[in-house]
2 protein chains.
Amino acid sequence: MVHTDYSKVSLPPVLTHQPTPASCTLPATNNWLGQYGFCISFGPQEKPTKSTAWTYSEMKDKLYVNMGTACPVRFHTTHPPPPGSVLRAMAVFTKPEYVKDVVKRCLNHSSPSDVTNENHPAPDHLIRCESPQAYYVMDSNSERQSVIVPFENPQVGMSYTTYLFKFMCLGSCVGGLNRRPIKIVFTLENKCGLCMGRQSLEVRICACPGRDRRTDEKHFERQHEPHSQGLGEAVKRTSNEICQEFVTVAPAPKKPKSNNEDDEIFTIKVIMKITMHDKT
Amino acid sequence: MVHTDYSKVSLPPVLTHQPTPASCTLPATNNWLGQYGFCISFGPQEKPTKSTAWTYSEMKDKLYVNMGTACPVRFHTTHPPPPGSVLRAMAVFTKPEYVKDVVKRCLNHSSPSDVTNENHPAPDHLIRCESPQAYYVMDSNSERQSVIVPFENPQVGMSYTTYLFKFMCLGSCVGGLNRRPIKIVFTLENKCGLCMGRQSLEVRICACPGRDRRTDEKHFERQHEPHSQGLGEAVKRTSNEICQEFVTVAPAPKKPKSNNEDDEIFTIKVIMKITMHDKT
DNA sequence: CAGGCATGCCTG
DNA sequence: CAGGCATGCCTG
Ligand SMILES: [Zn+2]
Ligand SMILES: [Zn+2]
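Residues numbered from 1 in each chain as written. Chains lettered and ligands numbered in written order. Predicted model: local features only at pLDDT ≥ 70, side-chain atom pairs only at ≥ 80, totals over all residues. Heavy atoms only, no water.

K.L.:
Just checking my understanding: could you explain the relation of the copies chain B and chain A for this structure?
P.N.:
Here the two chain copies are tied together by a rotation about an axis and a shift along that axis. By a simple turn and slide, chain B fits onto chain A: the slide is 0.0 Å along the axis, the RMSD is 0.0 Å, and the turn is 180 degrees. Accordingly, the operation relating the two chain copies is best matched by a two-fold axis. For chain B, the residue whose C-alpha comes nearest the rotation axis is B:Asn108, separated from it by 2.8 Å. Take the interface residues of chain B: 100% of them recur as interface residues in chain A, which is what a same-surface contact looks like. (Least-squares fit on C-alpha atoms with pLDDT ≥ 70 in both. Contact = heavy atoms within 4.5 Å.)

K.L.:
Sorry, what's going on with the sheet that holds strand S5 (residues 86-93) of chain B here?
P.N.:
Sheets are built from strands paired through backbone hydrogen bonds, the pairs being either parallel or antiparallel. Residues and elements named next belong to chain B. An order of S2-S3-S11-S10-S5-S8-S7 is seen for the 7 strands of this open sheet, with the pairing classed as mixed. Because the sheet does not close on itself, it has two edges, and the strands there are strand S2 (54-57) and strand S7 (135-138). For this sheet, the mean inter-axis angle between neighbouring strands, taken without regard to orientation, is 30 degrees. One ladder, built from 4 bridges, connects strand S3 (residues 62-65) with strand S11 (residues 195-205); its direction is parallel. Note on S11: the bridge partner recorded for Tyr64 is Arg204. (Pairing = 2+ DSSP bridges. Helix = DSSP H or I, 4+ residues; strand = E, 2+ residues; numbered from the N terminus. Axes fitted to C-alpha atoms, helices over the stretch in contact; angles between N-to-C directions.)

K.L.:
How should I be thinking about helix H2 (residues 209-223) of chain A in this particular structure?
P.N.:
For H2(A), which comprises 15 residues, the first-to-last C-alpha distance of 21 Å matches the rise-based estimate of 21 Å (1.5 Å per residue) to within 8%. The elements touched by buried residues of H2(A) are strand S2 (54-57), strand S3 (62-65) and strand S11 (195-205) of chain A. (Expected span 1.5 Å × (residues − 1).)

K.L.:
Please clarify how the packing of aromatic side chains should be interpreted in this entry.
P.N.:
Aromatic ring pairs are defined here through the distance separating the ring centres and the angle between the ring planes. Going through the model one piece at a time under the given rule, you end up with 16 aromatic pairs over all chains. Where A:Phe93 meets A:Tyr98, the ring centres are 6.3 Å apart and the plane angle is 65 degrees; that geometry is what we call edge-to-face. In this structure A:Phe93 comes out as buried when scored by relative accessible area, which is 2%. When the ring of B:Phe75 is compared with that of B:Phe186, the centres are 4.9 Å apart and the planes differ by 80 degrees; the resulting orientation is edge-to-face. Linking B:Phe75 in strand S4 (residues 71-76) with B:Phe186 in strand S10 (residues 182-189), this pair joins segments that are 111 residues apart in sequence. Here the two residues B:Phe75 and B:Phe186 agree in accessibility, since each one is buried. Put simply, the rings of A:Phe38, A:Phe75, A:Tyr163, A:Phe165 and A:Phe186 touch in pairs and so form one group of aromatic residues. The residue whose ring lies beneath A:Arg180 is A:Phe93, and the NZ or CZ to ring-centre distance is 4.0 Å. (Phe/Tyr/Trp six-rings, centres within 6.5 Å; stacked < 30°, edge-to-face > 60°. Buried < 20%, exposed > 50% of the residue type's maximum accessible area, 1.4 Å probe, protein only. Lys NZ or Arg CZ within 6 Å of the ring centre and 35° of its normal.)

K.L.:
When you look at the side chain of B:Ser142 in this model, what are you seeing that I'm missing?
P.N.:
Residues and elements named next belong to chain B. The residue Ser142 is located in the loop between S7 and strand S8 (145-150) in this model. Taking relative accessible area as the criterion, Ser142 reaches 14% and is therefore assigned buried. At 3.1 Å, the side chain of Ser142 and the backbone nitrogen of Arg144 are in polar contact. Those residues in contact with Ser142, other than ones at most four positions away along the chain, are Ala22, Ser23, Cys24 and Val102. (Polar contact = N/O pair within 3.5 Å; in protein donor to acceptor, adjacent residues only side chain to side chain.)

The structure is reproduced here in structure tokens:
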């Protein structure tokens, strides 16, 4: 396997040709703690009003966020990964019909004349990371866009490091996300681009995060009322490069979710936590 | 006064510098029959379903139309205008706050990759005329866009000629019309660009013309219920280059409306028909 | 094709 | 900031 050594790269990886988590046509999205205990969480939040800038629903394991809002995401590790490790964030459409489509900003918002694009190197990237060390890459193979930042180990006494992410289109943007739900896939990678941990997160970018969260949770609860119980929904996956094991206790603040492809309104509660490992 | 002789022009008028109805920062929109009895009308229409492609409301004097639909507009004249006369269609924002803004397609829809722009000379023009002789101009002074077609006299025994117009964005297009109501100003011009007649028409480009017409008319009727009567709304105008005269009978199918600037929900029925003449 | 939801945004 | 409208689009 060929690796990309980011620590030596001066040209952006868009000009390189090494496989990374961003090179796949169908990127893996299953949660995988890996050997460094990589996972994410959200801090406490002011009571979510109808139009709060962002809110995270435990019940749905879903982030609701305004467009252009810097949203703090906590990245946990239990052991320090090797020096030169990076954190990558990449968006993927959730629905099988669209997974192969590259996620990018709509034409309106990627226009150079859009105020958000003044002095920005990646006007058409959906995800931005508020770090001076962030760099924006497009995989020449998959054409998928992502943002990469050097991974910083938690400060002493802390279990996580916080990064700020911005989402630069609405989920409803015509010609862009176009109302298609997305996931953000966060990967911890060594300096060669090898994946050492992965956490994905459903994100809804919208004008009223509070309202939409409440609506989602109401629907979700209705699904889970006694009279509508059932265990009919099978656990699905797309990647065949994974194996499966049972985890009895979630060792991290944000519990790894089941590898259920579309945790939509038909998803039912999964009794046992399931996590998946990349084949190594 | 300098004139543009379109019959001699081989370069598009975008490269000329003669005043025409499209050169003004604030184009006149008042209805004026002129000496050739220039006015417009709409043919009968299949019963307007919720999502009919287009429908014209007499009550509101307003056209409701789907984006991209070829909509037949009838142009009446009582006398033939001079040879070389043209018909121009230009869109203008209705609300005073926006009149000075140039109306054009949103960035999404003006993109070369948009299917509507294959082999089209004017991807960012809102109004298209379905005629092989149509040409698309941008006034170098006002930057306003318009489409021009040779004026064809009605066939013998007919009082009008029909032209097909398409509207290439939704009224709701973000970064484009952006939910700002517009008028289409149709002008009959001689070959030098001199205005010889003008008719403007409120147009709503939307996904459900039938529904939206019904909604508008319901609101309008509510305004006109006995208990909400009043004659408070004065006739306004912006241009000071006009004179005013009373016309006792509307000599054309579509009655010239009053020169009321915003025939919005507060407009009340005008008892006497008023028409206005350009100062010549 | 009508009913009605989804979702940005305006109004009080 | 919540209520609720406006408006594209999905569903039956
Ligand atoms: Zn966008
Ligand atoms: Zn548009």
